[in-house]
Amino acid sequence: MTDVQLPNEDRDPERPWLDYRGSLELKPPRRRGYPSADRPYPVEEAMPELWRRVKELTAEQIEAAVASPASDPAITAAARAYLDGEPDALGAAAVFDTAAASTSLWEVSRQYHQFDAWILEHGADFAVHALMRQLEIRIVSEHTGKSYAPTRYRPDSPAFRFAPANPKGAQWTRTESLNLRAYLSALPGPEYRRHRALLEPYGRNHQQRLVRAYAMPTEADWVEQVCAEWAERDAKTWHDQYMLIASVSSMDQLAAAGLRRNPSQNGHSNGVASLVELFGADCAPFLLAAFEIETHEYIGDASLYTVLSGLPSDTVADHLLRNLVAGRTGPYALEFAERFPRRMLRAVARVAPGASPSLRSRFAHLVATTPMLGAAHAVAEPDVKDAVDRLLTMDGAPPEAAEPPRFLAEPPWKRKAAKRKKLVVELEPLDGDDRVHWRAGEQEAWRAGELIQRRLADGEDPAGVLASLAKSPNLHRALPPIGGAAAARLAADWLVRLRSTRVSVGDWLDRHGADAVRWLVPDAVGKAAKPRKAAEAVLRDAARRLGDPAVIAAAAPYGEEAAAAVAEILAVDPLDLDGRKAPKTPAWVEPVLGMPVLLRTGERLPRAAVEHLVGAMSLDSLAIPYAGIDVVKEHCDPESLSALSWAVFESWEINDAPSKDSWALTQLARFADAGTVERLEACIRAWPDQRLSKRALNGLEVLGAIESEEALRAVHRLTRFRGSKAVKAAALNQVDLVAAGLGLDAEQLADRLVPEQGPASVTAEQVKRLELAMVYGRTWTAAEFRDRLVAHPLLWELVRRLVWQSGPVAFRLAEDRTFADVEDDALDLPDDAEVRLSHPVLLGGALPAWVRQLADYEVLQPFDQLGRPAGAATDAELEAGRLTRFEGRKARTGPLHGLTKGRWAPVRADNWTAAIEHRVPGGGAVHVRLAPGFGGGPYFDAEAVQVLEEVRLPAGPIDPVLLAEVIADLDKVATA
């Protein structure tokens, strides 16, 4: 460490105007009087020819604007003069703005500079005038007066207008203000000062005033004026903010203008470069404030941290340390430490005492592995050295255990084990029960399910369904009912190979029990390696579920030799690797191995034991648990295990989540507490927006594997997640399988997951569930109703304000939670009586009496239950199977599309909605055929008229409440 030469951390004496030493090459916009201005302005000679091509490409639009009666006459005259060859700056601005709004200049040239074209066309003064006059005009739609923005879907005609003195909205025109500033900054002094008078008239609106201040930031009065009026601007684009940032001469001016943070987290910007050039480390707080908000921008390698890590600032050092995880600042903290080691060491001494165990471990790792910090530590001030020493020695943590558990002190992969020769017995599968094993009501439910489920429910040969599953494992939901050796082999293969099928495979193993063992014994004791490995995994899983004797008994029909081979498989020490590769500690996990992981005795595991614990994590999987994890949980404190588990996951994620180490995500399921569940759910919701949908699905799988009520609630909440259809579908799948395993449907499971208290959003969610229960005719037994709804603290406040029905008898809930009819007489229901939410169509003539009673008791219903329409189909309509009253009527596209955001679904082909339909419980749908239909996406015409050509009812009976709701929906959108 003493051989390391510490760098000079003071301002660079060679460049006193700039103390930035970061890795990102900054190119400040030229500012007169600074080194960035020591470059002549290069005029691109090719620009006039490119400008000629642009005018040719947009000649039709330019002529349309000139001829438009909606154009301002003064601008029209100026544009005609310019097109005739006169040096008219206003006309030049109007013609160019029209062209720029009508075509892509990027496609003409990636380095297109209109300012240069104007310089070579009529001289530099003309170019300056034309650029400033751009800020006086707007190119608008001839028909709407709004900004002209044609697309292939919406062709339009342009017109010229003068912008108002205080124009609304964001920047409305393309200007090359950076080129103007670069040109002026390189002029000789007298010529530069001459432009003050040339630009003086251009203060008609706030955008002109901003651009002229940016072009000549030496003019203090112009800059002060812009700062003073900044708060009055109704829109402040990033471009405008950067112009202001690059104009000021003090940070106080930005504060006075109300601009307190850099608009972007991207370090590649002229504004950032100008700030750093002028203010150095003094601008660090302003730049750091950019990270207080989420900008949802793509940064890549141009993060603002690449700039900040080159500024000798204590504020930056503290921020980088505190955000090693949340801001993924690890690489930048290392860069900062190597440039400014003394400053970083002092920051470690400041920040470490109040940091979490995870961050303290990361700080200690940074100090221990960075030579520059080691050298700084050797010569540090006494108080800094003492604080860092306490960090490195884990001062204040519980004492280290002298004798940790043997598994963690000397795990199997650190010991040499004798190779085990496996017994091989050649067997043929015994004839078995290859039929489909349905649970009660399952086959009927599957007839309204996915196509693969309908095929099985309708009696297709299971072999054909299995062939489809083998080709497409994403159809795995159809596997659980299928018995037989072929299904067993597929389940075993998926168990060891595919995480995505885990829930269905688990359901299959639960359902078939010892039969699964019998079907797989030939593979488990056979010679072929891959099928044997998969079958052995199933047998061990079955042993955990059923016990060793049950598994050996299932193998007995194959003979004594086979039973002995199975017994040998089960006798293997579950801690042995048994074919697994010995774990290696990845570099990304090293920073958290210094966390204090406590034994239940209160002692702390040595660092080597923590490393072995992480090795055990890497051997574990959701499908095939590693027994070492159970040993760890038996001996270690659950809270510190959860903390280490989450820290390992964080380290994996902030190091680009290497796929070969995906165990860092799955291990969360084994150590999760309520905090883990909450944080993981938040990650799952965030990942799709970060283009990490696959990780979101994997995270959902982990969440579903956590054995806690909080985790099941989180999965259930994700069934209503709108951020990813794939995540929502996977969550629904998990909930369905869990519910089926408990002998419940999804809604019955949802009743059991309602928290006893929660925020308003929880109540709103339950209100929505109850309204849907009314619409779809959901029923409860009276016993369920009492236990799950009436006795529930949160649901009671809702159900007592609704009217319920059992058969023909309607009732409400009295204050003592008993049942009362419309006459307030007590009503007693047997436990097996069916209860449902009432509806005006069910109440019939009793509706007015119920309305009066709720009014008398001043009951405010959680949703409109008794005020709903009570429409019904006529006998003729029921006989025809169609709601003929609507056929031939018209509806606007907008309201029809709105129905599909609720209980109706679009029926699409080639992105064209030709019909909408309302699904009916038990199968079928109310189908509404439209003409002509409408396209998807945002471009359909909401006012376009559709004809309801046919409204077809499903075959079989339809609940009168659902029918009334359908009629009400169509009545709202249909016109005469």
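Overview of the structure. Model, not experiment: these values are computed from the prediction.

1. A look at the pattern of salt bridges
In total, this model carries 68 salt bridges according to the counting rule given. The shortest N-O distance in the salt bridge between Arg 447 and Asp 458 comes to 3.4 Å. With Arg 447 in the loop between helix H24 (442-446) and helix H25 (451-457) and Asp 458 in the loop between H25 and helix H26 (462-471), this pair connects stretches of sequence that are 11 residues apart. A salt bridge links Asp 831 to Arg 786, with the shortest nitrogen-to-oxygen separation between them at 3.1 Å. On the criterion of sequence distance, the pair formed by Asp 831 in the loop between strand E7 (826-827) and strand E8 (834-837) and Arg 786 in helix H44 (residues 782-790) is long-range, its members being 45 residues apart. For Arg 786, a relative accessible area of 25% corresponds to the partly exposed category. Shared partners join several salt bridges into a network, and the residues in it are Glu 771, Arg 868, Arg 903, Glu 965 and Asp 969.

2. Some remarks on the packing of helix H27 (residues 485-497) against helix H29 (residues 514-524)
Packing of H27 against H29 leaves a shortest axis separation of 9 Å and a crossing angle of 65 degrees. Between H27 and H29, the angle falls in the class roughly perpendicular. Note that H27 runs across H29; the crossing there is right-handed. Listed contacts from H29 to Ala 485, Ala 488, Arg 489 and Ala 492 of H27 are Trp 519, Leu 520 and Asp 523. Partitioning the contact of H27 with H29 into residue classes produces five nonpolar, no polar and two charged.

3. Points about helix H31 (residues 548-555)
Turning to H31, its buried residues are Val 551, Ala 554 and Ala 555. On an axial view of H31, the arc spanned by its buried residues comes to 100 degrees, and they lie on one face.

4. Focus: the packing of aromatic side chains
Applying the stated rule across the entire model yields 23 aromatic pairs. With 5.3 Å between their ring centres and 85 degrees between their planes, Trp 438 and Trp 446 make a pair best called edge-to-face. Ring geometry for Trp 588 versus Trp 663: centroids 5.6 Å apart, planes at 35 degrees, classification tilted. You can see Trp 588 sitting in the loop between helix H32 (560-571) and helix H33 (607-619) and its partner Trp 663 sitting in helix H36 (residues 663-666), a full 75 residues away along the chain.

5. Topic: empty space enclosed by the protein
Tallied over the full model, the rule gives two cavities of 30 Å³ or more. As for the largest cavity, its lining consists of Glu 747, Asp 751, Arg 769, Leu 770, Ala 773, Arg 778, Trp 780, Leu 789 and Leu 795. Counting only elements with at least two residues in the lining of the largest cavity, the list comes to helix H42 (746-752) and helix H43 (760-775). Here the lining of the largest cavity takes three residues from H43, the largest share from any one element. Its residues assigned to classes, the lining of the largest cavity shows five nonpolar, no polar and four charged. There is about 40 Å³ of room inside the second largest cavity. Leu 509, Gly 513, Ala 516, Val 538, Asp 541, Ala 542, Arg 545 and Leu 546 are the residues that line the second largest cavity.

6. Focus: unusual backbone geometry
Of note, the bond from Ala 931 into Pro 932 is cis; its omega dihedral lies within 30 degrees of zero at 5 degrees. Looking at the element boundaries, Pro 932 is found in strand E12 (residues 925-935). In this structure, Arg 328 is a non-glycine residue whose phi angle is positive, near 50 degrees. Take Arg 328: it is sitting in the loop between helix H17 (314-322) and helix H18 (330-339).

7. Some remarks on the packing of helix H30 (residues 529-546) against H31
Relative orientation of the contacting elements H30 and H31 amounts to 130 degrees, with a least axis distance of 7 Å. With respect to H31, the axis of H30 lies oblique. On H31, the residues that touch Leu 539, Ala 542, Ala 543 and Leu 546 of H30 are Asp 548, Ala 550 and Val 551. In the contact of H30 with H31, the residues fall into six nonpolar, no polar and one charged.

Conventions adopted
- Residues numbered from 1 in each chain as written.
- Predicted model: local features only at pLDDT ≥ 70, side-chain atom pairs only at ≥ 80, totals over all residues.
- Heavy atoms only, no water.
- Salt bridge = Lys/Arg side-chain N within 4 Å of Asp/Glu carboxyl O.
- Helix = DSSP H or I, 4+ residues; strand = E, 2+ residues; numbered from the N terminus.
- Buried < 20%, exposed > 50% of the residue type's maximum accessible area, 1.4 Å probe, protein only.
- Axes fitted to C-alpha atoms, helices over the stretch in contact; angles between N-to-C directions.
- Parallel < 35°, antiparallel > 145°, perpendicular 65-115°, else oblique.
- Left-handed = near helix turned anticlockwise from the far one by under 90°.
- Contact = heavy atoms within 4.5 Å.
- Nonpolar A, V, L, I, M, F, W, Y, C, P; charged D, E, K, R; others polar.
- Arc of directions from axis to C-beta.
- Phe/Tyr/Trp six-rings, centres within 6.5 Å; stacked < 30°, edge-to-face > 60°.
- 1 Å grid on protein atoms, 1.4 Å probe; cavity = no way out; pocket = protein on both sides within 12 Å on 5 of 7 lines; lining within 4 Å.
- Points joined across faces, edges and corners; volume = space filled by probe spheres on them.

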